[in-house]
Amino acid sequence: METSVKAINAEYETEVHFQKCYGVMSEIFEAHDHLQALMPSTGFKFLDLGCAPGGFSAFLLDDPRCLAGFGVTLPSNCGGFPVRV
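Here the residue numbering is sequential within each chain, running from 1 through the sequence in written order. Under the rules for a predicted model, residues below a pLDDT of 70 receive no local features and side-chain atom pairs below 80 are neither given nor counted, while totals for whole chains, interfaces and linings still include all residues. The side-chain quantities take in all heavy atoms of the structure and omit both hydrogens and water.

A. Fine view of the packing of aromatic side chains. The pairing test for Phe, Tyr and Trp rings, Trp by its six-membered ring, is centres within 6.5 Å, and the orientation test on the planes gives stacked under 30 degrees, edge-to-face over 60, and tilted for anything in between. Summed over all chains, the structure comprises three aromatic pairs. Taking 5.3 Å as the distance between ring centres and 75° as the angle between the ring planes, the aromatic pair formed by Tyr22 and Phe59 counts as edge-to-face. One end of the pair, Tyr22, is in helix 1 (residues 3-31); the other, Phe59, is in helix 2 (residues 55-62), and 37 residues separate them in sequence. Its relative accessible area of 26% is what places Tyr22 among the partly exposed residues. Note on classification: 1.4 Å probe, protein chains only; a residue is buried when its accessible area is under 20% of the maximum for its type, exposed when over 50%, partly exposed between these limits. Take Phe59: its relative accessible area is 12%, and that puts it in the buried class. Among the aromatic side chains, those forming a connected cluster through ring pairs are Phe18, Tyr22, Phe29 and Phe59. Put simply, DSSP marks the helices as runs of H or I at least four residues long and the strands as runs of E at least two long, and each gets a number from the N terminus on.

Following this line, the structure appears as structure tokens:
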């Protein structure tokens, strides 16, 4: 497989994975009243281990109650997804 085809495929797979993760977080928050009972009224911070490509983190960062987020993941050259956030 050509390098450019591999790069295009990796880009596509990363975008699909990002969108799926964002969608899953959206469904969880919707199903559980946006976690109103669990979130402090003063806002929240989060740590996302294995965060790439960033769909979960992006969803949480879009929440107006989110004060900060921290993500840790493998570099893409070591087998991880590229980070989208």
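B. Summary view of helix 2. What helix 2 keeps buried is the set Gly55, Ser57, Ala58, Phe59 and Leu60. Contacts are residue-level and defined by heavy atoms, with any inter-residue pair within 4.5 Å sufficient. Buried residues belonging to helix 2 abut helix 1, strand 1 (44-49) and strand 2 (66-72).

C. Looking closely at the environment of Leu61. Mapped onto the elements of the fold, Leu61 is located in helix 2. On the accessibility criterion, Leu61 (39% relative accessible area) is partly exposed. With 34 residues separating them in the primary sequence, Leu61 and Glu27 have C-alpha atoms 16 Å apart. When residues no more than four places from it in sequence are discounted, the contact partners of Leu61 are Phe46, Cys66, Gly69 and Val85.

D. Looking closely at the pairing of strand 1. Side chains Phe44, Phe46 and Asp48 of strand 1 all project onto a buried face; the interleaved residues Lys45, Leu47 and Leu49 project onto a face where none is buried. By the convention used here, strands pair only if DSSP detects at least 2 bridges between them. Across six bridges, the pairing between strand 1 and strand 2 is parallel. From the neighbouring strand, Lys45 faces strand 2, where its bridge partner is Ala68. As for the winding sense of the linkage, the β-α-β connection from strand 1 through helix 2 to strand 2 is right-handed. When the strands point away from the viewer, a crossover counts as right-handed if the path from the first strand over the helix to the second runs clockwise.

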